[in-house]
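# Topology and contacts: notes
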Amino acid sequence: AQRESRTAEAVVDFLVQPYRAPAPRLSRGADITAREMLENGLSRVETELADQPEIQAEMRFTLGDILFRLGEFPEAQPALEAASDYITRRTLRQLS
């Protein structure tokens, strides 16, 4: 239960962090679309969470799910597949 709580806190922090910075620094004065923010989030997942595979998988699933619901299927697929692959490997390790 504590591990799940820490994971949930890390996911929320990861999602909220870009909004804590001044907007002009993020957008350089340009409007940012939701899709661009999601794609930026996926890029951050690869670099910032590389040493936290559990949280990385959760974020890939969350961002991929949002992209899927927005109809951005080609962008959603790699994130959802990577999350699924991690969960499958973790489950197989637990069963062996």
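Residues numbered from 1 in each chain as written. Predicted model: local features only at pLDDT ≥ 70, side-chain atom pairs only at ≥ 80, totals over all residues. Heavy atoms only, no water.

Along the protein, the regular secondary structure elements total five helices and zero strands. The helix and strand sequence of the protein, counted from the amino end, reads α-α-α-α-α. Across the 96 residues of the protein, 27% fall into the buried class. Contacts in the protein between residues at least 24 apart in sequence constitute 51% of all its contacts with a sequence separation of at least 6. (Helix = DSSP H or I, 4+ residues; strand = E, 2+ residues; numbered from the N terminus. Buried < 20%, exposed > 50% of the residue type's maximum accessible area, 1.4 Å probe, protein only. Contact = heavy atoms within 4.5 Å.)

The subject of this paragraph is the nonpolar core. Within soluble globular proteins, side chains that are nonpolar tend to cluster in buried spots. Ranked by size, the top nonpolar core spans 12 residues in total: Val 11, Phe 14, Leu 38, Leu 42, Val 45, Leu 49, Ile 55, Met 59, Leu 63, Leu 67, Ala 76 and Ala 79. Contributing elements (two or more residues each) for this core: helix H1 (2-20), helix H3 (34-48), helix H4 (53-69) and helix H5 (73-95). Sorting elements by how many residues they give to this core places H4 first, with four residues. Dropping the residues within four chain positions of it, Leu 67 is found in contact with Leu 38, Leu 42, Glu 72, Glu 75 and Ala 76. (Core = buried A, V, L, I, M, F, W, Y, C linked by side-chain atoms within 4.5 Å.)

Moving on to the packing of H3 against H4. Packing of H3 against H4 brings their axes to within 10 Å, and their N-to-C directions diverge by 165°. The orientation of H3 relative to H4 falls into the category roughly antiparallel. Every pair of crossing elements has a handedness; the one defined by H3 and H4 is left-handed. Touching Leu 38, Gly 41, Leu 42, Val 45 and Glu 46 of H3 are Gln 56, Met 59, Arg 60, Leu 63, Ile 66 and Leu 67, all from H4. Across the contact of H3 with H4, the residue classes tally to seven nonpolar, two polar and two charged. (Axes fitted to C-alpha atoms, helices over the stretch in contact; angles between N-to-C directions. Parallel < 35°, antiparallel > 145°, perpendicular 65-115°, else oblique. Left-handed = near helix turned anticlockwise from the far one by under 90°. Nonpolar A, V, L, I, M, F, W, Y, C, P; charged D, E, K, R; others polar.)

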